[in-house]
Amino acid sequence: MTPLLICALISLSLAEDLDILYPNLEHSRTIYVTENGPRLSVVAEQSKVLSRRGGNATLPCKIQRDPSLAPNPKMRIKWTKLTFDFLKEVDVFVSMDYHKKSYGRFHGRVHLQGFSPLDASLVITDITLEDSGIYKCEVIDGLEDGTAVVSLDLQGVVFPYFPRLGRYNLNFYDAERACSDQDAIVASFNQLYDAWREGLDWCNAGWLSDGSVQYPITTSREPCGGKNTVPGIRNYGLRDKEKNHYDVFCFTSYYTGRFYYLIHPSKLTYNEAVRACEKDGAQIAKVGQMYAAWKQLGYDRCDAGWLADASIRYPISNPRRRCSPTEAAVRFNGFPDKKHKLYGVYCFKGQT
């Protein structure tokens, strides 16, 4: 007896068993027989693509099609971006024959690479912070279909943040606004995990983009989960986005522009600092811009200065006495009275 006939008999037997066990159940007796496997598949040669804000990226997607299939001018290629719960998808780009369409904030920034009719790779230009994430390439060719998944990661830096009001004052939506105000977005778990692997140690819990609250510990100690616990990312789980209040972990990436400490003959109040940057043809810098300059450009300056959120900070890439002697870090001097004439100012010139 041939394997094909055995498969058909088993399918019929299962259908008859359903009739006996569930006489009132309506069902179809369609029998599917696969002889040589799928006739179309979709593959991503890389599972992860690394880029930077303002740059371009190509998300690979190749179609492998059985040569015996007739040409299909209506083959449909669709790219979507997966959300955190993977139950919803955001439309990015659709192509079918000569019809092509990009959606939402991707409009005008995406197109197919199209090196051949079987190349469904997606090119994203002028990448934004929000573009980071997981994308799905789906191909529908008549009755055949296939999918592949690719992750787009950005070079950047994660930093903990809390506002002038103090610690644990942000619900999730406040946290989103706080990061946006500092030229950043709420960090994802993967971004926080990568930062932890690079040595980020922070004992205050903060929101992540999936609505969970977590914090990274590299040196175990009593106030941070216990001194006998292993290093890792402590997880409070998903929290109520409206009612619960924590700090936030923000993520920012490469920018186009100039971050600098303004040389000024005297120390400044906050309002004087804002005006001094404007007089120099710039704006007072944001916290995210300082972190990006420190992390990605190696910016090093031992002068405490005002930033846009009225905090005082300074970036140290080369630790030395009186200037973060033990580690490279962005040093934080708090939120002083805005009328104090004790500090300089950091400015940013250009567009993010």
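Located above this text is the structure these notes cover.
Small disclaimer: the values here were computed from a predicted structure and weren't measured.

Rules used in this analysis
Residues numbered from 1 in each chain as written. Predicted model: local features only at pLDDT ≥ 70, side-chain atom pairs only at ≥ 80, totals over all residues. Heavy atoms only, no water. Disulfide = S-S within 2.5 Å. Helix = DSSP H or I, 4+ residues; strand = E, 2+ residues; numbered from the N terminus. Buried < 20%, exposed > 50% of the residue type's maximum accessible area, 1.4 Å probe, protein only.

Trainee: Which residues make up the state of the cysteines, and what values go with them?
Mentor: Inspection of the entire model under this criterion finds five disulfides. The disulfide partner of Cys-61 is Cys-137, and the S-S distance across this bridge is 2.1 Å. What sets the handedness of the Cys-61 and Cys-137 disulfide is the S-S torsion sign, and at about -70° it is left-handed. One end of the pair, Cys-61, is in the loop between strand S3 (57-59) and strand S4 (62-65); the other, Cys-137, is in strand S10 (residues 133-141), with 76 residues separating them in the sequence. With relative accessibility at 0%, the residue Cys-61 sits in the buried group. Note on cysteine connectivity: Cys-302 is disulfide-linked to Cys-323, with sulfurs 1.7 Å apart. One disulfide, between Cys-302 and Cys-323, carries an S-S torsion of -100° and so falls in the left-handed class. Here Cys-323 lies in the loop between strand S21 (312-316) and strand S22 (329-332) and Cys-302 lies in the loop between helix H5 (287-297) and strand S20 (305-306), a separation of 21 residues in the sequence. On the basis of relative accessible area, Cys-302 is assigned to the partly exposed category, the value being 29%. Each bonded cysteine of the protein is numbered by sequence order, and under that numbering the disulfide pairs are 1-2, 3-6, 4-5, 7-10, 8-9.

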